[in-house]
Amino acid sequence: MRKLYALLISLFLFNGAAFSQMDFGLSLGAASYLGEIGGTTGEAKPWLLDMKLSQSNVAAGRFFRHDFTKSLSGKVSINYIRIEGADSLSDEPTRLGRNLSFRTDMIEAVVTAEFRFFQMRDLSRRSRQRIDFATYILAGAGILSFNPTAQDNEGNWVDLRPLQTEGPENAYEQTTIVVPVGAGAQFTFNKKFRLGVEFGYRFSSTDYLDDISTRYADPADLPFEKSIEMANRSAQAFAREDGALSETGLNIRNYDPGSIRGGADSNDGYLTAQVQLSYVLGGKNSFYKSRYNSIINRRRKRTKF
């Protein structure tokens, strides 16, 4: 078993070049949702100007990165992310009248490729501490598990997916594919510690991160009483006698069964901004040398002709 373990490490670390380095660490930051709920416009599409920064929430995780060359890396990340939104915070009357809200806890596992397009080696040439700097772009793919919830009339948080709020014919899966893209920058201190910041956007293959996509269902088709309560919350908005609603001529009939509830023409997405701290294995790192150099050197000797 030890020989197999050593072989796997050597295959991963040695890629036929003199350069091989990896790091593992933690990330912490925020995530913001882009979709139908909340925002400033009536259009159901993800757009940066439609984002509500006040609804940003936590994004935290762990990652493992392998530098295949000085410019190309691969990274595996696992993140816990929470997104949320509320029509009551919107500036757009149609959304105010709809009066829906949600909070979704998500776990994502993504694999990304990072390309460093700008690098500066040893910024601190006049000091004893070596500091390297690099910027990069990234793209990849991953799997997302999500669970939309909302508060009912009693203030309790309720899982929305089992309620089938848009009817049984629009039931959706709890997992989906995501495509992350983004950019980042990082400082590496003395080839041992790496501190960076990364900004990313996730394209998802579902429109139900917020439990909203199509049209209002007929209450007779919904499976539970709680489904009826959570599917249409517009009566509460009009009961508040909001001036913005009365000025537009909207009324509760605009939210009858068959009326547009979401926007199925575009899927939901979310932005992330995270600070990352990691420990580097490789290069002149003493831990890397003591553990892995002997494995790599033996492999090199065996491959000579």
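Residues numbered from 1 in each chain as written. Predicted model: local features only at pLDDT ≥ 70, side-chain atom pairs only at ≥ 80, totals over all residues. Heavy atoms only, no water.

### Description of the overall build of the chain
Logical step 1: The secondary structure content of the chain amounts to six helices and nine strands.
Logical step 2: Scored against the burial criterion, the 305 residues of the chain give a buried share of 44%.
Logical step 3: Pairs at least 24 apart in sequence give 76% of the contacts found in the chain among residues at least 6 apart.
Logical step 4: Here the chain has roughly 16,000 Å² of accessible surface; of this, 59% comes from carbon and sulfur atoms. (Helix = DSSP H or I, 4+ residues; strand = E, 2+ residues; numbered from the N terminus. Buried < 20%, exposed > 50% of the residue type's maximum accessible area, 1.4 Å probe, protein only. Contact = heavy atoms within 4.5 Å. Areas by Shrake-Rupley, 256 points an atom, 1.4 Å probe, with all protein chains shown as cover.)

### Quick word on the pattern of salt bridges
Logical step 1: With the rule as written, the count across this model stands at 16 salt bridges.
Logical step 2: Arg65 is the salt-bridge partner of Asp23, the closest N and O atoms lying 2.9 Å from each other. Residue Asp23 is found in strand S1 (residues 21-34), and its partner Arg65 is found in strand S2 (residues 57-67); the two are separated by 42 residues along the sequence.
Logical step 3: Ionic pairing is found between Arg98 and Asp87, a salt bridge with its closest N-O pair at 2.7 Å. Separated by 11 residues along the polypeptide, Arg98 in helix H2 (residues 93-98) and Asp87 in the loop between strand S3 (72-86) and H2 bring together distant segments of the chain. Both residues of the pair, Arg98 and Asp87, count as buried.
Logical step 4: Salt bridges sharing partners connect three or more residues here, namely Asp23, Arg65, Asp67, Lys75, Glu114, Arg116, Arg194 and Glu198. (Salt bridge = Lys/Arg side-chain N within 4 Å of Asp/Glu carboxyl O.)

### Some details on the nonpolar core
Logical step 1: Membership of the largest hydrophobic core comes to 18 residues, with the highest contact counts inside it found for Ile37, Ile81, Ile83, Met106, Leu144, Leu209 and Tyr270.
Logical step 2: Secondary-structure elements contributing two or more residues to this core are S1, S3, strand S4 (101-120) and strand S5 (131-151).
Logical step 3: Broken down by element, the residue count for this core peaks at three residues, all from S4.
Logical step 4: Counting residues in hydrophobic clusters, the runner-up holds five residues, among them Ala150, Val158, Leu160 and Leu163. (Core = buried A, V, L, I, M, F, W, Y, C linked by side-chain atoms within 4.5 Å.)

### Some details on the pairing of strand S7 (residues 175-189)
Logical step 1: Sheet topology places S5 next to S7; 13 bridges connect them, and they run antiparallel. By the bridge assignment for S7, Asp132 is matched with Thr188.
Logical step 2: Sheet topology places S7 next to strand S8 (residues 193-204); 12 bridges connect them, and they run antiparallel. Along S8, the bridge assignment pairs Gly184 with Glu198.
Logical step 3: The hairpin formed by S7 and S8 contains three residues between the paired strands, and Asn190 there has a positive phi angle of roughly 55 degrees. (Pairing = 2+ DSSP bridges.)

### A few points about unusual backbone geometry
Logical step 1: Here Asn99, not a glycine, exhibits a phi torsion of approximately 65 degrees, which is positive.
Logical step 2: Topologically, Asn99 is positioned in the loop between H2 and S4.
Logical step 3: Look at Gln164: it is not a glycine, yet its phi comes out positive at around 50 degrees.
Logical step 4: Examined against the element boundaries, Gln164 turns out to sit in the loop between strand S6 (157-159) and S7.

### Things to note about the packing of aromatic side chains
Logical step 1: One pass over the structure, following the stated rule, counts 11 aromatic pairs.
Logical step 2: When the ring of Tyr33 is compared with that of Phe102, the centres are 4.7 Å apart and the planes differ by 65 degrees; the resulting orientation is edge-to-face. Linking Tyr33 in strand S1 with Phe102 in strand S4, this pair joins segments that are 69 residues apart in sequence.
Logical step 3: With a relative accessible area of 3%, Phe102 lands in the buried category.
Logical step 4: With centroids separated by 4.7 Å and ring planes inclined at 80 degrees, the aromatic side chains of Tyr201 and Phe203 adopt a geometry described as edge-to-face.
Logical step 5: Residue classification places Tyr201 among the buried positions, given a relative accessible area of 13%.
Logical step 6: The class for Phe203 is partly exposed, based on a relative accessible area of 45%. (Phe/Tyr/Trp six-rings, centres within 6.5 Å; stacked < 30°, edge-to-face > 60°.)

### Thoughts on a nonpolar patch on the surface
Logical step 1: Residues Phe68, Leu72, Phe115, Phe117, Phe118, Met120, Leu123, Ile137 and Phe187 make up a contiguous nonpolar surface patch of roughly 800 Å² in combined accessible area.
Logical step 2: Sort the elements by how many residues they give to the nonpolar patch and S4 lands first, with four residues. (Patch = residues over 30% accessible without salt bridge, like charges linked within 9 Å, V, L, I, M, F, W, Y side chains within 5 Å.)

### Focus: the environment of Ile143
Logical step 1: Mapped onto the fold, Ile143 is located in strand S5.
Logical step 2: Each C-alpha atom of the pair Ile143 and Glu108 lies 5.7 Å from the other, and the pair is 35 residues apart in sequence.
Logical step 3: Residues in contact with Ile143, not counting those within four places in the same chain, are Ile107, Glu108, Ala109, Thr176, Ile177 and Val178.

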